[in-house]
Amino acid sequence: MELRANVPDGPIEKKWDKHRFEMKLVNPANKRKHTIIVVGSGLAGASSAASLAELGYNVKCFCYQDSPRRAHSIAAQGGINAAKNYQNDGDSVFRLFYDTVKGGDYRSREANVYRLAQLSVNIIDQCVAQGVPFAREYGGMLANRSFGGAQVSRTFYARGQTGQQLLLGAYQALERQVGLGKVDMHSRHEMLDLVVVDGRARGIVTRDMVTGEVEPHVGDAVVLATGGYGNVFYLATYAKGANATAIWRAYKRGAAFANPCFTQIHPTCIPVTGEHQSKLTLMSESLRNDGRIWVPRKKGDTRPPPQIPDEERDYYLERQYPSFGNLVPRDVASRAAKRVCDEGRGVGPGGYGVYLDFADAIRRLGESVIGEKYGNLFEMYERITAENPYRVPMRIYPATHYTMGGLWVDYNLMSTIPGLHVIGEANFSDHGANRLGASALMQGLADGYFVVPYTLGHYLASTKLEPVGPDHAAFEEAEAAVAARVEKLLGVHGTRSVDSFHRELGKIMWEHCGMARNEGGLKSALGKIPDLREEFWRDVKVLGENEELNQSLEKAGRVADFLELGELVCLDALERRESCGGHFREEFQTPDGEARRDDERFSHVAAWEYAGEGRPPVRHVEPLGFEYVHPTQRSYK
Amino acid sequence: MNLRLHVWRQRNAADSGRFVTYPAADISPDMSFLEMLDVVNEGLIARGEDPIAFDHDCREGICGTCGMMIDGQAHGPRRATTACQLHMRTFHDGDEITIEPWRADSFPVVKDLVVDRTAFDRIVAAGGFITAPTGSAPDGNAIPVPKTSADLAMDAAACIGCGACVAACPNASAMLFTAAKVSHLGLLPQGQPERYARVRRMVSQMDAEGFGTCTNHFECEAACPKSISVRFIARLNRDYLRAVLTGGGEPARVEGGAG
Ligand SMILES: Cc1cc2nc3c(=O)[nH]c(=O)nc-3n(C[C@H](O)[C@H](O)[C@H](O)COP(=O)(O)OP(=O)(O)OC[C@H]3O[C@@H](n4cnc5c(N)ncnc54)[C@H](O)[C@@H]3O)c2cc1C
Ligand code: FES
């Protein structure tokens with residue numbers, strides 16, 4: 001397997017323009033003859049499906065929810081970055097590029113990140129034109145807020161529902177194309193395999209989640225926009241249905257999987273309350289603009305927070321990182337929380353929580369200003385915890401939130417399987433080893449609105465594709481494999497529920513491959529996961545039939561894939577013998593406990609190639625060069 | 001706490017369906033309503049019985065996937081709260097709880113508590129958008145939007161498309177859903193060019209889907225987990241009336257050019 005990044009030459013600020021000019025175009029009459037399959041209807045999927053249809057391609061779009069509007073992008077709260085410099089505070093494309101490369105701890109591809117920063121400005125324009133109701137100043141201009149890892153105010157937002165509003169914009173554009181007959185939308189359809197013909201992606205196999213029918217879909221190219229795989233940890237801020245099945249099936253068909261161990265733990269989530277917990281809820285990072293994070297100085301101090309005087313509180317982020325304070329990047333904030341809790345200074349039941357306190361901000365700005373900024377988040381917090389954050393500090397703790405890893409793609413966002421493009425969180429993306437807040441929405445929309453519509457055209461224009469139909473042997477083989485797997489899951493007739501396996505996998509992952517990792521722990525996880533997988537296939541209990549809406553069956557298929565993917569995540573974490581961004585190996589830290597990168601040996605992307613059942617996957621590397629942003633030890637002090 | 005649930009079970013659209021009673025034992029007040037159903041389902045699976053099918057995804061009140069009638073109320077007793085965000089501390093030990101799917105002809109039952117809400121997508125496809133193809137946009141600050149309009153548009157845009165308004169309405173009307181989208185887009189300068197065509201098309205699709213008419217019961221606003229105001233319905237009616245009276249939104253006839 002060869003990893004060719006296909007980055008255009010020339011100075012970084014000219015690469016994308018030059019490439020756009022050099023790419024081949026498909027003539028408008030010919031676009032109508034091409035069918036493109038887009039799997040996913042989140043920000044990345046919906047924006048690309050709509051844009052490709054606007055260009056004239058026939059698009060088939062798929063999602064597992066009952067409507068494309070429900071993709072998990074809907075849950076993003078805080079905002080989206082763009083280098084507009086509307087605040088005149090010194091922002092620029094270069095600064096956004098710089099912040100993103102640095103925030104990612106120098107493990108991303110410079111050229112991609114630069115393009116992302118360039119396109120960020122077009123995204124805001126596009127979304128405004130669609131009617132996204134971004135927050136405004138009294139004069140009618142767009143408002144901004146600050147987010148972690150940046151010292152400028154470049155985040156655009158729509159109350160605490162930015163993802164929802166951006167997604168509805170893309171969804172409306174998508175539905176417009178559905179109405180025009182250019183997009184054939186298949187909701188409640190789950191992609192269960194990728195079909196590769198003569199080395200090129202030519203289609204997918206889906207299961208209709210209502211009837212159980214296994215169906216082939218043929219196209220000239222496939223775009224995967226299926227989101228992240230963080231549910232491998234079971235408890236996460238993801239939607240319950242979020243899964244790795246689409247990218248995992250593609251991996252097994254030959255797409256390299258890059259940096260699977262780069263997973264992000266978000267510092268501000270509502271702590272776990274008990275065994276029944278099914279998911280964790282994020283409290284937007286924007287809260288760190290006004291909230292102050294602290295724990296008691298003394299271990300085991302169980303006094304209610306108002307009774308702890310200021311001098312007995314440890315505002316540990318402000319103390320350790322005076323220049324960024326509560327706005328340090330997520331990985332830094334999460335590890336700091338873990339550290340104080342491990343020291344026995346955590347708060348709330350179980351001791352795994354820290355305070356996020358708005359008392360000072362309320363005193364300074366008044367309750368109504370705070371309410372206007374964060375009202376819906378405060379309400380959400382109160383609904384879940386029955387505590388009023390206007391009166392008592394919130395309790396928060398880190399939780400799995402995002403996956404920087406994903407299918408490897410080149411500059412054109414094409415995977416190692418020609419014709420298979422991967423966009424949004426599903427690719428290994430532009431965020432290196434740590435994503436900055438408000439940058440995922442930006443990336444999903446940049447990929448979908450402005451990158452893939454061009455690069456996919458270039459692929460089609462420069463490739464001669466033979467006609468294939470659903471009766472092609474490759475389709476028949478994939479369909480048979482999908483049907484056999486469904487039958488196998490239904491045929492185990494074991495004793496344990498699917499959820500119980502998923503929970504157990506999640507515990508292994510969180511304990512050994514969560515916020516802090518070490519060789520011993522990873523090796524033990526690599527021993528436990530295959531055993532659990534073996535037990536799953538021997539003892540899982542999936543009731544019902546295929547020919548109906550069968551939610552246990554859906555979950556079982558997803559968990560079966562997580563049980564394989566989890567192992568790859570741990571293997572990648574084991575092999576990356578350095579700490580960087582969200583990947584913290586305890587063996588590699590500075591004396592004051594910060595991540596210690598090893599640029600000599602690990603300034604690269606690790607991309608794993610599937611080598612067949614029972615064989616260890618092969619690790620390939622794509623070296624990373626830094627011409628514009630010179631790697632230094634990240635400092636937010 | 002311990003509860004008794006009366007749950008609507010229906011194998012598929014063709015089945016006539018029935019209530020089945022299940023105990024829910026050892027429920028913690030910190031559980032969400034859906035986590036309580038998870039626990040019941042784990043028990044059913046252990047006994048070899050088909051678990052209760054219900055729709056859900058984000059479990060944080062934003063995706064609009066969950067939805068069920070809980071004791072006759074859409075999303076249950078708590079104001080402005082989706083079923084996934086409803087916590088068991090709202091209930092008491094020994095309570096009997098009746099759980100049903102949304103009941104509306106335009107939302108046929110798929111299985112148990114799961115219904116088909118694709119009619120909403122078709123209403124949006126008919127006109128619930130601003131035509132702004134990718135790449136055609138001017139600078140974001142080129143069109144100033146008064147803060148009051150942006151805020152009001154956002155109030156309307158907060159709709160999560162869950163269908164509670166339809167389920168709560170005695171006529172199964174989709175007016176609040178449609179009005180929220182018409183208002184969101186119609187309040188913004190960008191939405192003006194298509195304002196009247198939009199309202200016509202969306203209303204006509206809404207009718208074609210078989211949703212009932214609005215007779216001002218306002219149960220929709222009370223049931224809406226996002227507290228979308230019925231004032232948006234008045235706004236829709238105004239726009240619709242103007243569109244009909246003035247022929248606004250009808251495509252102008254395209255005359256042949258002179259060359
Ligand atoms: C709670 C929360 C808050 C966040 N806040 C922010 C924020 O403020 N700013 C920011 O920049 N980022 C934020 N993020 C991250 C960001 O929301 C996501 O990374 C991004 O929206 C992912 O978009 P996507 O289009 O790649 O995938 P998704 O929106 O996850 O969409 C995935 C799509 O793929 C479909 N799909 C998946 N698997 C299959 C399958 N097998 N078959 C068929 N279809 C399938 C799904 O149906 C869905 O349509 C947040 C994330 C979470 C969870
Ligand atoms: S599951 Fe998303 S709103 Fe309830």
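Remember, it's a predicted structure, so these values are computed and weren't measured experimentally.

## Some details on the packing of aromatic side chains
In this description, an aromatic ring pair is defined by two values, namely the gap between the centres and the angle between the planes. Counted by the stated rule, this structure contains 30 aromatic pairs over all chains. Taken together, a centroid distance of 6.0 Å and an interplanar angle of 50° make the contact between Phe358(A) and Tyr374(A) tilted. Here Phe358(A) is found in the loop between strand 14 (354–357) and helix 10 (359–365), whereas its partner Tyr374(A) is found in helix 11 (residues 367–385), with 16 residues between them in sequence. Note on Phe358(A): relative accessible area 1%, which makes it buried. Centre to centre, the rings of Phe120(B) and Phe211(B) are 6.0 Å apart; their planes meet at 35°, and the pair counts as tilted. You can see Phe120(B) sitting in helix 2 (residues 118–127) and its partner Phe211(B) sitting in the loop between helix 6 (195–208) and helix 7 (219–223), a full 91 residues away along the chain.

## Thoughts on the state of the cysteines
Residue and element names in this part refer to chain B. What the rule picks out here adds up to 0 disulfides over all chains. Free of any disulfide, Cys169 has its nearest neighbouring cysteine sulfur in Cys220, separated by 6.7 Å. Overall, Cys169 belongs to the buried group, its relative accessible area being 15%. Summary of cysteine pairing: Cys220 is not part of a disulfide, and the nearest cysteine sulfur, belonging to Cys214, is at 6.4 Å.

## Focus on the domain arrangement of chain B
Residue and element names in this part refer to chain B. Domain annotation of chain B identifies domain 1 (3–111) and domain 2 (117–246). Averaged C-alpha coordinates put domain 1 and domain 2 at centres separated by 29 Å. Opposite the 18 residues of domain 1 that make contact, domain 2 presents 19 residues. Overall, the association of domain 1 and domain 2 removes approximately 1400 Å² of surface from exposure, summing both partners, and the carbon and sulfur fraction of that is 59%. Sorting the residues of domain 1 by area buried against domain 2 places Trp102, Ser106 and Phe107 first, and these three jointly supply 37% of that buried surface. Our enumeration of links across domain 1 and domain 2 arrives at 1 salt bridge. Arg117 is the partner of Asp55 in a salt bridge, and the nearest nitrogen-oxygen pair spans 3.7 Å. Our count for the domain 1 to domain 2 interface comes out at 8 residue pairs in polar contact (both at pLDDT 80 or more).

## Remarks on the confidence of the model for chain B
Model confidence for chain B is summarised by a mean pLDDT of 95, while 96% of its residues fall at 70 or above. Among the prediction metrics, the complex's ipTM stands at 0.97, with pTM recorded as 0.97.

## Focus on the sheet that holds strand 7 (residues 200–208) of chain A
Residue and element names in this part refer to chain A. Taken in spatial order, the 3 strands line up as 6-7-8 in an open sheet, and their pairing is antiparallel. The two strands at the open ends of the sheet, each matched to only one other strand, are strand 6 (189–197) and strand 8 (214–218). For this sheet the average axis-to-axis angle between neighbouring strands, irrespective of direction, equals 25°. Where strand 7 lies against strand 8, 5 bridges are found, and the strand directions are antiparallel. Within strand 8, the residue paired with Val205 across the bridge is Pro216.

## Quick notes on the side chain of Lys102(A)
Residue and element names in this part refer to chain A. Summarising the element assignment, Lys102 is placed in helix 4 (residues 93–103). It is Asp99 that comes nearest to the buried, bridge-free Lys102 among opposite-charge side chains, at 6.2 Å. The residues touching Lys102, leaving out its near neighbours within four places in the chain, are Arg634, Ser635 and Tyr636.

## Side note on the interface of chain A and chain B
Taken together, the 74 residues of chain A in the interface contact 79 residues of chain B. The contact between chain A and chain B buries some 6100 Å² in all, and 49% of this surface belongs to carbon and sulfur atoms. Sorting the residues of chain A by area buried against chain B places Arg70(A), Arg136(A) and Arg383(A) first, and these three jointly supply 12% of that buried surface. Counting across the interface, chain A meets chain B through 8 salt bridges. Note that Lys147(B) and Glu372(A) form a salt bridge whose closest N and O atoms lie 3.2 Å from each other. The interface formed by chain A and chain B holds 49 residue pairs in polar contact (both at pLDDT 80 or more) in total. Broken down by secondary-structure element, the contributors of at least two residues to the side of chain A that touches chain B are helix 3 (43–55), helix 5 (110–130), helix 6 (162–179), helix 11, helix 12 (440–461) and helix 16 (551–575) of chain A. Ranked by residue count, the leading element in the side of chain A that touches chain B is helix 6 of chain A, at 8 residues.

## Brief notes about the site of ligand 1
Not every one of the 38 residues close to ligand 1 is listed here, only the nearest: Gln65(A), Ser73(A), Met191(A), Glu425(A) and Leu441(A). The environment around ligand 1 is built from residues contributed by chains A and B. Met191(A) has a polar backbone atom sitting 2.7 Å from a nitrogen atom of ligand 1. Calculation on ligand 1 without its partners gives an accessible area of 1000 Å², and the protein chains cover 96% of this total. Elements with a contribution of two residues or more to the shell around ligand 1: helix 3, strand 6, strand 15 (394–403) and helix 12 of chain A. The dominant element in the shell around ligand 1, judged by the number of residues it contributes, is strand 6 of chain A, at 3 residues. Taken together, the residues of the shell around ligand 1 break down into 17 nonpolar, 17 polar and 4 charged.

## Quick word on the nonpolar core
Judged by nonpolar contacts, the single largest core of 198 residues is most densely connected at Ile80(A), Phe134(A), Leu224(A) and Leu420(A). The greatest single-element share of this core, amounting to 12 residues, is contributed by helix 16 of chain A. Those residues in contact with Phe134(A) that lie beyond four places of it in its chain are Ile80(A), Ile124(A), Cys127(A), Val128(A), Leu142(A), Phe156(A), Tyr157(A), Ala158(A), Leu166(A) and Ala150(B). Residues Ile270(A), Val328(A), Ile384(A) and Tyr636(A) belong to the second largest nonpolar core, which totals 34 residues.

## Thoughts on the pattern of salt bridges
Counting across every chain of the model gives 71 salt bridges over all chains. Linking Asp314(A) and Arg345(A) is a salt bridge whose minimum nitrogen-to-oxygen distance equals 3.1 Å. With a gap of 31 residues between them, Asp314(A) in strand 13 (residues 313–314) and Arg345(A) in the loop between helix 9 (330–342) and strand 14 connect regions that are remote in the sequence. Like Arg345(A), Asp314(A) is buried. Arg4(B) is the salt-bridge partner of Glu96(B), the closest N and O atoms lying 3.2 Å from each other. Remark: Arg4(B) occurs in strand 1 (residues 3–9) and Glu96(B) occurs in strand 5 (residues 96–100); sequence separation between them is 92 residues. Glu96(B) gets classed as partly exposed once you look at its relative accessible area, which sits at 44%.

## Focus on unusual backbone geometry
Notably, Tyr234(A) is not glycine yet its phi reads approximately 60°, a positive angle. Structurally, the position occupied by Tyr234(A) is in the loop between strand 9 (221–224) and helix 7 (245–252). Using a relative accessible area of 7% as the deciding quantity, one classes Tyr234(A) as buried. The backbone phi angle of Asp112(B) is positive, close to 45°, even though this residue is not glycine. With respect to the secondary-structure elements, Asp112(B) resides in the loop between strand 6 (109–111) and strand 7 (114–115). Taking the relative accessible area as the measure of exposure, Asp112(B) reaches 2% and is therefore buried.

## Structural notes on empty space enclosed by the protein
Using the criterion set out here, one finds 11 cavities of 30 Å³ or more in the structure. Reported here for the second largest cavity is a volume of approximately 650 Å³. If you go around the second largest cavity, you meet 42 residues; those closest to its centre are Gln551(A), Glu554(A), Lys555(A), Arg558(A) and His56(B). For the lining of the second largest cavity, the secondary-structure elements that each account for two or more residues are helix 14 (498–513) and helix 16 of chain A together with helix 1 (33–46) of chain B. Among the elements that make up the lining of the second largest cavity, the one with the highest residue count is helix 16 of chain A (7 residues). For the lining of the second largest cavity, the residue count by class is 15 nonpolar, 12 polar and 15 charged.

Procedures and definitions
Residues numbered from 1 in each chain as written. Chains lettered and ligands numbered in written order. Predicted model: local features only at pLDDT ≥ 70, side-chain atom pairs only at ≥ 80, totals over all residues. Heavy atoms only, no water. Phe/Tyr/Trp six-rings, centres within 6.5 Å; stacked < 30°, edge-to-face > 60°. Helix = DSSP H or I, 4+ residues; strand = E, 2+ residues; numbered from the N terminus. Buried < 20%, exposed > 50% of the residue type's maximum accessible area, 1.4 Å probe, protein only. Disulfide = S-S within 2.5 Å. Domains from an automatic or database assignment. Contact = heavy atoms within 4.5 Å. Buried area = accessible area lost by both parts, 1.4 Å probe. Salt bridge = Lys/Arg side-chain N within 4 Å of Asp/Glu carboxyl O. Polar contact = N/O pair within 3.5 Å; in protein donor to acceptor, adjacent residues only side chain to side chain. pLDDT = per-residue confidence, 0-100. Pairing = 2+ DSSP bridges. Axes fitted to C-alpha atoms, helices over the stretch in contact; angles between N-to-C directions. Lys, Arg positive; Asp, Glu negative; His and termini not counted. Near = heavy atom within 4 Å. Areas by Shrake-Rupley, 256 points an atom, 1.4 Å probe, with all protein chains shown as cover. Nonpolar A, V, L, I, M, F, W, Y, C, P; charged D, E, K, R; others polar. Core = buried A, V, L, I, M, F, W, Y, C linked by side-chain atoms within 4.5 Å. 1 Å grid on protein atoms, 1.4 Å probe; cavity = no way out; pocket = protein on both sides within 12 Å on 5 of 7 lines; lining within 4 Å. Points joined across faces, edges and corners; volume = space filled by probe spheres on them.

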